[in-house]
Amino acid sequence: MKEKLIDDLAGKLSIPAESFASVPLTELRGKRNVCVENHGGIMEYTDERVKVAVRRGAICVIGSDLCIERMTRRRVEIRGNIRALELE
Amino acid sequence: MYELINYFRGYVRLRITGAAPEKCLNALSQEGIAFWGIIKEDDLHYSLFSYTADAAMVNRLAMKEFCSCELLAHFGFRAAFRGLRKRPVLLLGLLLALTATFVLQGFVWTIQVEGNTTLHEQEILRALKTLDIAVGTWGANINSERTKNQMLNLVPELQWIAVNRTGGYLQVLLHERAMPDKDEDPYQFANVIAARDGVLTEVSVLEGMKLCAAGQTVRKGQLLVSGYEDYGQMTRVVRASAEIYATTWHTGTLVMPSQAMEKVYTGEQWTQKTLLIGEKRINLYGNSGIYTDNCDKIISTRVLSLPGGYDFPIVLETAVYRQYRLVPRELSPLIAQEQLETAWERLTVSAMIAGEIQSTEASVIRSGELYVLNANSTCKEMIARAMPITIADDGAVAKENTNDGTDYQRREN
């Protein structure tokens, strides 16, 4: 209910939802780099799979030679040969 | 940019070992600790970079997550130069190098004068010094435009000058004013007279009225070419010019003592080194450097210079003193004759305007403690000499010359 309200409000005000709520933002740059903002931590970390916790779910990066390049409280950058992104 | 920031902040490589190292990563990110370059070595070992200041916090959080944290290496500026604290001489050298790079280049260390032909470099440097520009001057105080104007006033021979400074190098470019030829005679009208008695051999008149001919015998002071050119109806006064050669005779006597003082080196010698930095002399020897004994002083200098040819104002001067004593020595007649003849030849040539000695008859006799040379040389000599004619205010020519052989002179007389 709250998420829907935020979504509606952000849509009406033309403001990105992730700027005032913990809505995750995922950026995929080519096939080599993915950046997840507003994450909730690493749930799984292997060469083929990196699972990042987000609000109400997780984002799973699937590929090969995956590596967490940089991680801060807000964002995590994953580099490698990315094959797929799964939302859970 | 990140690399530069990381380099100056300093960072470490850490290895986190535990059953669930990713939990440790989550804890670090939750605490706001920056980390990067995370490599999963295996399921139990992760290694990562973090700032040096955060290393203790990482260790604490790792232990909180039941992991251990191992410090693998230090990186960054402090790590690179940490060893210098134990090597003060190297640190001092580094500081000196930095000082030389950023501070010393603010001063003028080399002054290069270019474009001077008749003016000596030292004259320019002296003039610059009166404007407080010398080796060691703070470069920012040099105003090129003002220096140019002041130098043009100080040195009238200059037509233009430019003073350019690049770091510690001051380039002075100049162009000299075209000055009138000093060899040119300052007077307008002149006769040509004989400088010496002789028999004329060649007469070549460029300007004026010729009053002599080859084969004629002339006396010293005799008018050879008149500055008055007689055209019958009028007389023109000119500056007579001629090249007149004659056979002349030089007779004289030279005297020299039969004993000469000769240098005999004692074998004792000293070396004194002096360091010249700019205009400062730093003596690298203990005593005053003043010797009362007879000494020959031979100075050699070594200038510190770059391979490109620019000289630093640092010079090592080495003076070698060789002590000698003067010993009277009897001259042999042969050596005495040789020295006297050489001196006679030099004296005769210097007495001529131009020309050469054709033959010399000389005899040397010893008279008591003296050697006496009596010599008579026959020379081919240029005897033409200009004698100025002065003109009075009312336009009349002053009677400086006795007789120039012209109608004008005859009428005047």
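Residues numbered from 1 in each chain as written. Chains lettered and ligands numbered in written order. Predicted model: local features only at pLDDT ≥ 70, side-chain atom pairs only at ≥ 80, totals over all residues. Heavy atoms only, no water.

1. A word on the overall build of chain B
Logical step 1: Looking only at helices and strands, chain B features 9 helices and 22 strands.
Logical step 2: Taking 413 residues into account, the globule formula puts the C-alpha radius of gyration at 22 Å, and chain B, at 43 Å, lies well above it.
Logical step 3: Taken across its 413 residues, chain B has 32% of its residues classed as buried.
Logical step 4: Contacts in chain B between residues at least 24 apart in sequence constitute 66% of all its contacts with a sequence separation of at least 6.
Logical step 5: A gap of 11 Å separates the mean positions of the 41 positive and 47 negative side-chain charges of chain B. (Helix = DSSP H or I, 4+ residues; strand = E, 2+ residues; numbered from the N terminus. Rg over C-alpha atoms; globule rule 2.2 N^0.38 Å. Buried < 20%, exposed > 50% of the residue type's maximum accessible area, 1.4 Å probe, protein only. Contact = heavy atoms within 4.5 Å. Lys, Arg positive; Asp, Glu negative; His and termini not counted. Charge placed at Lys NZ, Arg CZ, Asp CG, Glu CD.)

2. Focus on the sheet that holds strand S22 (residues 384-388) of chain B
All names here are of chain B.
Logical step 1: Taken together, 4 strands build an open sheet; the order of strands is S10-S12-S8-S22 and the sheet is antiparallel. Unpaired on one side and paired on the other, strand S10 (209-210) and S22 mark the two borders of the sheet.
Logical step 2: Pairing geometry for S10 and strand S12 (residues 223-226), over 2 bridges, is antiparallel. Each bridged residue has a counterpart across the sheet, and for Met 209 the counterpart in S12 is Ser 226. (Pairing = 2+ DSSP bridges.)

3. Observations regarding the confidence of the model for chain B
Residue and element names in this part refer to chain B.
Logical step 1: Summarising the model, chain B shows a mean pLDDT of 85, and 91% of its residues fall at 70 or more.
Logical step 2: The least confident element of chain B, judged by mean pLDDT, is helix H9 (residues 407-412) at 46; the most confident is strand S11 (residues 217-218) at 94.
Logical step 3: Within the model, pLDDT remains below 50 along residues 398-413, and this stretch shows 28 contacts once partners closer than five positions in the same chain are excluded. (pLDDT = per-residue confidence, 0-100.)

4. Digging into the pattern of salt bridges
All names here are of chain B.
Logical step 1: The full count for this structure, using the stated rule, is 21 salt bridges over all chains.
Logical step 2: Notably, a salt bridge pairs Glu 207 with Arg 236, separated by 3.6 Å at the nearest N-O pair. Of this pair, Glu 207 sits in strand S9 (residues 198-207) while Arg 236 sits in strand S14 (residues 235-237); the two residues are 29 residues apart in sequence, bridging distant segments of the chain.
Logical step 3: Assessed through its relative accessible area of 36%, Arg 236 is described here as partly exposed. (Salt bridge = Lys/Arg side-chain N within 4 Å of Asp/Glu carboxyl O.)

5. Quick notes on the packing of aromatic side chains
All names here are of chain B.
Logical step 1: The final tally for this structure, using the stated rule, is 13 aromatic pairs over all chains.
Logical step 2: Between Tyr 265 and Tyr 324, the ring centres sit 6.1 Å apart and the planes meet at 75 degrees, which makes this aromatic pair edge-to-face. Of this pair, Tyr 265 sits in strand S16 (residues 259-277) while Tyr 324 sits in strand S19 (residues 311-330), placing them 59 residues apart in sequence.
Logical step 3: A relative accessible area of 36% means that Tyr 265 is categorised as partly exposed.
Logical step 4: Three or more aromatic residues link up through ring pairs in this structure, and these residues are Tyr 11, Trp 36, Phe 49, Tyr 51 and Phe 75.
Logical step 5: Lying over the aromatic face of Tyr 51, Arg 9 brings its terminal NZ or CZ to 3.7 Å of the ring centre.
Logical step 6: When the ring centre of Tyr 265 is taken as origin, the NZ or CZ atom of Arg 322, which lies over that ring, is 4.1 Å away. (Phe/Tyr/Trp six-rings, centres within 6.5 Å; stacked < 30°, edge-to-face > 60°. Lys NZ or Arg CZ within 6 Å of the ring centre and 35° of its normal.)

6. Examining the interface of chain B and chain A
A common way to report how large an interface is uses the accessible area buried once the components associate.
Logical step 1: Each side of the interface is counted separately: chain B has 16 residues, and chain A has 13 residues.
Logical step 2: Surface buried jointly by chain B and chain A totals about 1300 Å² across both partners, of which 50% is contributed by carbon and sulfur atoms.
Logical step 3: Here chain B is connected to chain A by 0 salt bridges.
Logical step 4: Our count for the contact surface shared by chain B and chain A stands at 10 residue pairs in polar contact (both at pLDDT 80 or more).
Logical step 5: Elements represented by at least two residues in the side of chain B that touches chain A include exactly helix H2 (21-30) and strand S2 (35-40) of chain B.
Logical step 6: Class assignment of the residues belonging to the side of chain B that touches chain A gives a composition of 8 nonpolar, 5 polar and 3 charged.
Logical step 7: Judged from the 2 bridges that link them, strand S5 (residues 57-71) of chain A and S2(B) form a sheet pairing that is antiparallel. Considered in S2(B), the bridge of Arg70(A) is made with Trp36(B). (Buried area = accessible area lost by both parts, 1.4 Å probe. Polar contact = N/O pair within 3.5 Å; in protein donor to acceptor, adjacent residues only side chain to side chain. Nonpolar A, V, L, I, M, F, W, Y, C, P; charged D, E, K, R; others polar.)

7. Structural notes on unusual backbone geometry
All names here are of chain A.
Logical step 1: Phi at Arg 56 takes a positive value of approximately 55 degrees, unusual for a residue other than glycine.
Logical step 2: Residue placement: Arg 56 occurs in the loop between strand S4 (49-54) and S5.
Logical step 3: With phi around 50 degrees, Asp 65 is a residue other than glycine that occupies positive phi space.
Logical step 4: The exposure class of Asp 65 is exposed, given its relative accessible area of 56%.

8. Side note on the pairing of S9(B)
Residues and elements named next belong to chain B.
Logical step 1: As paired elements, S9 and S11 share 2 bridges and run antiparallel to each other. Across the sheet, Gly 198 pairs through a bridge with Val 218, a residue of S11.
Logical step 2: In terms of strand pairing, S9 meets strand S15 (residues 241-257) through 7 bridges, oriented antiparallel. Of the residues in S15, the one forming a bridge with Glu 202 is Tyr 245.

9. Quick word on the sheet that holds strand S17 (residues 280-283) of chain B
Residues and elements named next belong to chain B.
Logical step 1: Read from one edge of the open sheet, 4 strands run S17-S16-S19-S18, paired in antiparallel fashion. For this open sheet the edge positions go to S17 and strand S18 (295-305), each flanked by a neighbour on one side alone. Here the strands of the sheet are splayed against their neighbours by 35 degrees on average, with no regard to which way each runs.
Logical step 2: Sheet analysis places S18 next to S19, joined by 10 bridges and oriented antiparallel. Bridging from a neighbouring strand, Lys 297 pairs with Tyr 321 of S19. (Axes fitted to C-alpha atoms, helices over the stretch in contact; angles between N-to-C directions.)

10. Details of the pairing of S16(B)
All names here are of chain B.
Logical step 1: Looking at chain direction, S16 and S19 are connected through 16 bridges and run antiparallel. Paired with Glu 262 across the strands is Val 327, a residue of S19.
Logical step 2: Where S16 lies against S17, 4 bridges are found, and the strand directions are antiparallel. Residue pairing in the sheet places Ile 277 in a bridge with Lys 280 of S17.
Logical step 3: Linking two consecutive strands that pair antiparallel, namely S16 and S17, is a turn of 2 residues; a positive phi of about 65 degrees is found at Gly 278 within it.

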